[in-house]
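Remarks on the overall topology
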Protein chains: 4
Amino acid sequence: MTVEDILKAHPRPLIADLAMLVDCIDECADCAAVCIVCADACLAEDDVRALIRCIRLCLDCADACIAAGRITSRQTDPHLETQRTVLEACLVACRASAAECERHAAHHEHCRLCAEECRRCETACAALLAALSMP
Amino acid sequence: MTVEDILKAHPRPLIADLAMLVDCIDECADCAAVCIVCADACLAEDDVRALIRCIRLCLDCADACIAAGRITSRQTDPHLETQRTVLEACLVACRASAAECERHAAHHEHCRLCAEECRRCETACAALLAALSMP
Amino acid sequence: MTVEDILKAHPRPLIADLAMLVDCIDECADCAAVCIVCADACLAEDDVRALIRCIRLCLDCADACIAAGRITSRQTDPHLETQRTVLEACLVACRASAAECERHAAHHEHCRLCAEECRRCETACAALLAALSMP
Amino acid sequence: MTVEDILKAHPRPLIADLAMLVDCIDECADCAAVCIVCADACLAEDDVRALIRCIRLCLDCADACIAAGRITSRQTDPHLETQRTVLEACLVACRASAAECERHAAHHEHCRLCAEECRRCETACAALLAALSMP
C-alpha cells in the first residue's frame, strides 16, 4: 500500500491512472530485486557457464527497472518522452531477461520465478506506456 | 512473496534468517520508492523553501536504500563487512530522513507517510545488522 | 584512461568501436555526476521555485545516464535492442535536461555547465546509437 | 574538469576541500564503471568458476561507489553521519574488491586494472572520510 498511499498525497496530478502507475512502480522494484537475486543464484550454480547470458540479461534488467521506477515515480513537471523511452527500455530488458530465464526454468527454480516476474513487469510497463502514448 | 520465493530457490545458504532478510530487502525497495516520491512531492509544494533539507535527505535515503537492497540481495560469497557497512549507511540515512520528514508530517501527508516508511526500513536494517554482527 | 584500458582487456569483441564506446560510457558517468550537482545547487538557490522543472529533469537525466552507462559497459552476450533503447532513453533525458538548463544558463553558472555536459552526453549517445543501428 | 567546475559554481559551502571532494566523486564514478566492466569480463572468461567471488565483489563495489558518489556530490544541507557511513561502506567494498582482484591480477589484465582502480577509490574515500571526521 505504501507507494499507492504516498502517490495519493502528491500535490500534482498523476501522470496516469493511480492503479496502473502503482502497479508499474511496484513491478519495477520487484523485478529489479528478483533479477539481482537470479543473477547471483546463477553465479552459484554448477552449470554457471550455461548461464552467462542469463546473468548478463538479469543485470541489465535490474538496471533498466531501477531507472524506470525512479523516473515514473516523479509526478512534478514530467517530460513525457523521457518517461516513454525509459519505459520502453525497461520493457525490452524485461522481455529479453524473461525469454532467457524461460530457457532455464526447467532446471533452475530461480530462473522460473524470475521469468514470471519479468513478464509481470513487462506487462505493467506496456500498460503504462500505452496510457502515456494515448492522444 | 516474490523476493521470499526466489531466495528460497537460491543454491547457497542465506546470509541470515529468511524472514529477516526478505523484510530488509523489501523495506529497502519500498523506502527508496517512497523517498523518491516524497522528494518529488516536496518539490511541488508552495512552501518548497521550507522543505529543502527534506528533499535532500530523501534523495540520500533513496540512494542508500538502493545500494543496501542490491548488496544484501546477494548470497554468493558474501563479504560480511561490506554488508554491515552498507546496512549501517542505510540505517543512518533512513533515520535522518525520518527525523526531517517527521518535522513536516503535520503539514504534508507525504512527509508523514515517508517518515513512517523510513522508520520501518531503519528497523529492518537494524535487525539484519544485529543478526550479521552476532559472533 | 581507466575505462579505455579495461575495455581493451575484455575477452569478448566490443559492441562498438573502442573510442566511441569509451566516450559514451565516460559521458554517461560525467553527466550523471553533473546533473546530481546541478539539481542540488538549484535546490540551494533563492529562486528555487523557478528551478523546479530543472531539478526534476536533472534527476531524471542522472538516473537514465547511470542505467545507460551500466548497460553499455557490458560486452558479454549483449542484447542489442536493450542497449539501443536504454541509449535512446538517455539521449532523450539529456536533451530535455539540456534544454531546461539552457533557459537558466544566464542566471546560474551550474545550469550553463550542466547544459553543456548534457549536450556532450546526448552527442555521445547519438553516436553510439547510430553505430549500433547500422545493418 | 567537469565535476570540479560545477562544484565551484555551487551556491553553498562545499562539505570539504574542493580538490579532495572532486577526487572522491571522480574515483567513485571511475571505480563503478571499471568494476562493472571487470565483473562482465570475468563472466566471459574460461575460468569463470574461479572468478565467482571476484564478480560478486565487483558488483557490490559498483553499487557502493554509485551510492557514495551520488551522496557526496550533494552540498546542500548535508547530513554528516550519512556521508561518513556511505563513504565507509564504499571504502570497505573497494578494499574487498581490490583484494580479490589482486589474486587474479597475474592471469587477467582486467583484474589487475580493476584492483588498481579500487585502491585509488579506497584512498580517495579514506581521505574524504578523514576530512569529514575532523573536529
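The structure we're discussing is the one just above.
1. Some details on the relation of the copies chain D and chain A
Related by rotation about an axis and a shift along that axis, the two copies of the chain form a pair. With an RMSD of 0.0 Å, the fit of chain D onto chain A corresponds to turning through 180° and sliding 0.0 Å along the axis. With respect to symmetry, the two chain copies, as superposed, fit the operation of a two-fold axis. When the interface residues of chain D are mapped onto chain A, 100% of them are again interface residues, pointing to one common binding face.

2. Brief notes about helix H2 (residues 18-43) of chain D
The end-to-end C-alpha distance of H2 of chain D, which contains 26 residues, comes to 38 Å, matching closely the 38 Å that a straight helix rising 1.5 Å per residue would cover. The buried count for H2 of chain D comes to 19 of 26 residues, which makes it a mostly enclosed element.

3. Remarks on the interface of chain B and chain A
Taken together, the contact pairs 35 residues of chain B with 35 residues of chain A. In total, chain B and chain A occlude about 2900 Å² of area from one another, counting both sides; carbon and sulfur atoms represent 71% of this. Of all residues in chain B, Ile-6, Val-37 and Asp-40 of chain B bury the most surface against chain A, accounting for 21% of the area lost on that side. At the boundary of chain B with chain A, the tally comes to two salt bridges. The closest approach of N and O atoms between Asp-63 of chain A and Arg-70 of chain B, which form a salt bridge, is 2.6 Å. For the pair chain B and chain A, the number of links is 10 residue pairs in polar contact (both at pLDDT 80 or more). Sorting the residues of the side of chain B that touches chain A by element identifies helix H1 (2-8), helix H2 (18-43), helix H3 (52-73) and helix H5 (109-132) of chain B as the ones contributing at least two each. The element contributing the most residues to the side of chain B that touches chain A is H2 of chain B, with 10 residues.

4. Things to note about the relation of the copies chain B and chain A
Once chain B is rotated about the relating axis by 180° and shifted along it by 0.0 Å, it coincides with chain A to within an RMSD of 0.0 Å. Of the residues that chain B buries at the interface, 100% are likewise interface residues in chain A, meaning the two copies contact each other through the same surface.

Reading the values: the criteria
- Residues numbered from 1 in each chain as written.
- Chains lettered and ligands numbered in written order.
- Predicted model: local features only at pLDDT ≥ 70, side-chain atom pairs only at ≥ 80, totals over all residues.
- Heavy atoms only, no water.
- Least-squares fit on C-alpha atoms with pLDDT ≥ 70 in both.
- Contact = heavy atoms within 4.5 Å.
- Helix = DSSP H or I, 4+ residues; strand = E, 2+ residues; numbered from the N terminus.
- Expected span 1.5 Å × (residues − 1).
- Buried < 20%, exposed > 50% of the residue type's maximum accessible area, 1.4 Å probe, protein only.
- Buried area = accessible area lost by both parts, 1.4 Å probe.
- Salt bridge = Lys/Arg side-chain N within 4 Å of Asp/Glu carboxyl O.
- Polar contact = N/O pair within 3.5 Å; in protein donor to acceptor, adjacent residues only side chain to side chain.

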